[in-house]
Amino acid sequence: MTDQTLIILGASGDLTARLLLPGLGALLTAGHVPGLTLIGAATDDWDDARWRQRVHDSFGEAGPAAADVAGQARWITADVTHTDDLRRLLGEARGPAVIFFALPPAVTAKACEALLGVELPPGTRLVLEKPFGTGSAAAAELNALLTRLVPEERVHRVDHFLGKSTVLNILGLRFANRIFEPVLDATHVESVEIVFDENLALEGRAGYYDKAGALADMIQSHLLQILALLTMEAPFTLAAAEFRDRKADVLRATRLWDDPATSSLRARYIAGDLDGRRLPDYADEPGVDPSRGTETLAEIVLAVDTWRWAGVPFRLRSGKAVGDSRKEAVITFKRPPRVPDGLRGCDQQDRLRIGFGPDQLALDFNINGPGDPFELDPVTLGADFGQGDLPAYGEVLRGVFADDPTLSVRADTAEQCWRIVEPVIDAWHSGAVPLREYPAGSSGPTLPLPL
């Protein structure tokens, strides 16, 4: 592999230290990116020594290859929305440049406009972190701008959930087994839930989170990607074009179940006890602007109007400061048409549960009990998913450096994800859906499913 240069714009931010650099360190340790030069850039008045220390700290117990990259990493103080500064940055690149925009959406758009005045090195790739734009129109405008800089195949919109080994295991579960795929349809499935409730609160991230909220931070991006993997038709290959076509097909068929007032919920936490800590009202957290009305819990119910899934409600939900951390997709099957007279006891519905933390698979169903053979008991068959060779960010970065967009979000898909949630956003902004409250540490409110 030839030399490559990773240029991180906004390198002093939380995203770089918390997710990007640890994933890069694991990738380098695994030997996937030889010849890498690492450059950090932001307006902060840092120097090489301070940047190298941050890289070392984020890499942790990485191997010699990662340590070598960290020891030679460079810092350039620059305003990444200015053409001259970007030209100076790219002049330091060795080989193809990978430009990672660790920036808010509005700043990313300004940086891309400034790049129009710069001659990019051959093979340049652009890497964007979600959210991609701020709505479908803004996403389309940004996509048009990006394709003026590089071909779509070299635009990598990173959603690190697509690098999680458990999320990718959905493909193996569905398409490499004869057991489950034939019953994953509206004939057999009653409902599907995709939930990512965290027992973490704001944790000092008000600068980003208070402008995004749970809907844009989690549902519009991560959870819709999981929905696509659960509902897409089988691709004949996992090559980028076919795989991303199948995802796009099913997202085009996805819409809000009913009107936003009955198919969406927004809430934010108030003071409460969470894991032994006393949390204040979200509105009183440092850096929060209460007038924004930012939600810390969002829930929507969707319909996937395909032959396979028509009539099945999909609940997507994510909340912060929730007492019971729950991160899973749950497929609930319909009850059997009739249970023979004489069998009694548990009538729990069959459920297939895919856990995202811990990474597990579980199948809940009923069998004859160990005592009275006519008494039904619930049982669970479970299996642990492998952790994968790389953390989620390492996996998506591997695709970036290999110039493989399979795990990147394509332009049309990014726009469709905004299109799906925009009726909810509009209703929330107009006040048609009230902002509810829940004590930190509680389970939070939820919507009834339309069964």
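Look up a bit, the structure's there.
About the thresholds
- Residues numbered from 1 in each chain as written.
- Predicted model: local features only at pLDDT ≥ 70, side-chain atom pairs only at ≥ 80, totals over all residues.
- Heavy atoms only, no water.
- Helix = DSSP H or I, 4+ residues; strand = E, 2+ residues; numbered from the N terminus.
- Rg over C-alpha atoms; globule rule 2.2 N^0.38 Å.
- Buried < 20%, exposed > 50% of the residue type's maximum accessible area, 1.4 Å probe, protein only.
- Contact = heavy atoms within 4.5 Å.
- Areas by Shrake-Rupley, 256 points an atom, 1.4 Å probe, with all protein chains shown as cover.
- Lys, Arg positive; Asp, Glu negative; His and termini not counted.
- Charge placed at Lys NZ, Arg CZ, Asp CG, Glu CD.
- Axes fitted to C-alpha atoms, helices over the stretch in contact; angles between N-to-C directions.
- Parallel < 35°, antiparallel > 145°, perpendicular 65-115°, else oblique.
- Nonpolar A, V, L, I, M, F, W, Y, C, P; charged D, E, K, R; others polar.
- Expected span 1.5 Å × (residues − 1).
- Salt bridge = Lys/Arg side-chain N within 4 Å of Asp/Glu carboxyl O.
- Arc of directions from axis to C-beta.
- Pairing = 2+ DSSP bridges.
- Disulfide = S-S within 2.5 Å.
- Patch = residues over 30% accessible without salt bridge, like charges linked within 9 Å, V, L, I, M, F, W, Y side chains within 5 Å.
- Phe/Tyr/Trp six-rings, centres within 6.5 Å; stacked < 30°, edge-to-face > 60°.
- Lys NZ or Arg CZ within 6 Å of the ring centre and 35° of its normal.

(A) Representation of the overall build of the chain within the structure. Within the chain, the regular secondary structure consists of 12 helices and 19 strands. Taken against the 2.2 N^0.38 rule, which gives 22 Å for 451 residues, the C-alpha radius of gyration of the chain at 23 Å falls within 12% of a compact globule. Its C-alpha atoms give the chain principal-axis dimensions of about 80 × 50 × 40 Å. The 451 residues of the chain split such that 53% are buried. Considering only contacts in the chain between residues 6 or more positions apart, those separated by 24 or more positions represent 77%. Here the chain has roughly 19,000 Å² of accessible surface; of this, 52% comes from carbon and sulfur atoms. Taking the average location of the 45 positive side-chain charges in the chain and that of its 64 negative ones, the two points are 2 Å from each other.

(B) Spatial organisation of the packing of helix α8 (residues 206-231) against helix α9 (residues 240-252). At a minimum axis distance of 9 Å, the contact between α8 and α9 shows a crossing angle of 105°. The orientation of α8 relative to α9 falls into the category roughly perpendicular. Here α8 contributes Leu224, Gln225, Leu227, Ala228, Leu229 and Thr231 to the contact with α9, which in turn contributes Phe243, Lys247, Val250 and Leu251. Here the contact of α8 with α9 is composed, by residue class, of 7 nonpolar, 2 polar and 1 charged.

(C) Spotlight on the packing of helix α1 (residues 14-29) against helix α2 (residues 48-59). Between α1 and α2, whose axes approach to 8 Å, the crossing angle comes to 70°. Compared by their axis directions, α1 and α2 come out roughly perpendicular. Of the residues in α2, those in contact with Thr16, Ala17, Leu21, Pro22, Leu24, Gly25 and Leu28 of α1 are Trp51, Arg54, Val55, Ser58 and Phe59. Of the residues belonging to the contact of α1 with α2, the class tally is 8 nonpolar, 3 polar and 1 charged.

(D) Focus on the environment of Asp377. Relative to the helices and strands, Asp377 resides in strand β18 (residues 375-384). Residue Asp377 is classed as partly exposed on the basis of its relative accessible area, which comes to 27%. For the pair Asp377 and Ile420, spaced 43 residues apart in sequence, the C-alpha to C-alpha distance is 40 Å. Those residues in contact with Asp377, other than ones at most four positions away along the chain, are Cys346, Phe365, Asn366, Ile367, Gly369 and Pro370.

(E) Focus on α9. A rise of 1.5 Å per residue sets the reference length of α9, with its 13 residues, at 18 Å; its end C-alpha atoms lie 18 Å apart and thus fit the reference within 8%. Residues Ala240, Glu242, Phe243, Arg244, Lys247, Ala248, Val250 and Leu251 constitute the buried set of α9.

(F) The arrangement of the pattern of salt bridges in detail. Under the defined criterion, the tally for this structure stands at 36 salt bridges. For Asp48, the salt bridge identified is with Arg52, shortest N-O distance 3.9 Å. Pair noted here: Asp48 and Arg52 are both in helix α2, with a separation of 4 residues, about one helical turn. Given the relative accessible area of 28%, Asp48 is considered partly exposed. A salt bridge links Arg87 to Asp84; its shortest N-O distance comes to 3.0 Å.

(G) Region of the structure containing helix α5 (residues 105-115). Taken residue by residue, α5 has Thr108, Ala111, Cys112, Ala114 and Leu115 as its buried positions. Angularly, the buried residues of α5 cover 160° about the axis, an arc narrow enough to put them on a single face. α5 presents Ala106 and Lys110 as exposed residues on the side facing more than 90 degrees away from its buried surface. Residues of α5 that are buried make contact with α4 (83-90), β4 (97-101), β5 (125-129) and α6 (136-149).

(H) View of the pairing of strand β13 (residues 313-319). Most of β13 sits out of view: 7 of its 7 residues are buried. A two-sided burial pattern is seen for β13, the buried positions comprising Pro313, Arg315, Arg317 and Gly319 on one face and Phe314, Leu316 and Ser318 on the other. Here strand β7 (residues 189-197) runs beside β13; their pairing, made up of 6 bridges, is parallel. Its bridge partner being in β13, Glu193 is matched across the sheet by Arg315. In the sheet, strand β12 (residues 297-304) pairs with β13 via 7 bridges, with the strands oriented antiparallel. When the sheet's bridge partners are listed, Val301 is paired in β13 with Arg315.

(I) Highlighting the state of the cysteines. Under the criterion given, the structure shown has 0 disulfides. The closest cysteine sulfur to the non-disulfide-bonded Cys112 is located on Cys417, 19 Å from its own sulfur. On the basis of relative accessibility, which here comes to 2%, the residue Cys417 falls in the buried class.

(J) The sheet that holds strand β2 (residues 36-42), seen in detail. Overall, parallel pairing links the 6 strands, which are arranged β3-β2-β1-β4-β5-β6 in an open sheet. Unpaired on one side and paired on the other, β3 (74-77) and β6 (155-158) mark the two borders of the sheet. The mean inter-strand angle of the sheet, taken between neighbouring strand axes irrespective of direction, is 20°. Note that β4 and β5 share 4 bridges and pair parallel.

(K) View of a nonpolar patch on the surface. Nonpolar side chains collect at one region of the surface, where Val339, Leu343 and Phe374 lie side by side and expose about 250 Å² of accessible area between them. Residue placement: Phe374 occurs in the loop between β17 (359-368) and β18.

(L) Quick look at the packing of aromatic side chains. For the coordinates displayed, the defined rule picks out 5 aromatic pairs. Judged by centre distance (5.6 Å) and plane angle (55°), the ring pair of Trp51 and Trp75 falls under tilted. With Trp51 in helix α2 and Trp75 in strand β3, this pair connects stretches of sequence that are 24 residues apart. Taken together, the ring pairs in this structure connect Trp46, Trp51 and Trp75 into an aromatic cluster. Here the basic side chain of Lys164 rests over the ring of Phe161, its NZ or CZ set 5.1 Å away from the ring centre.

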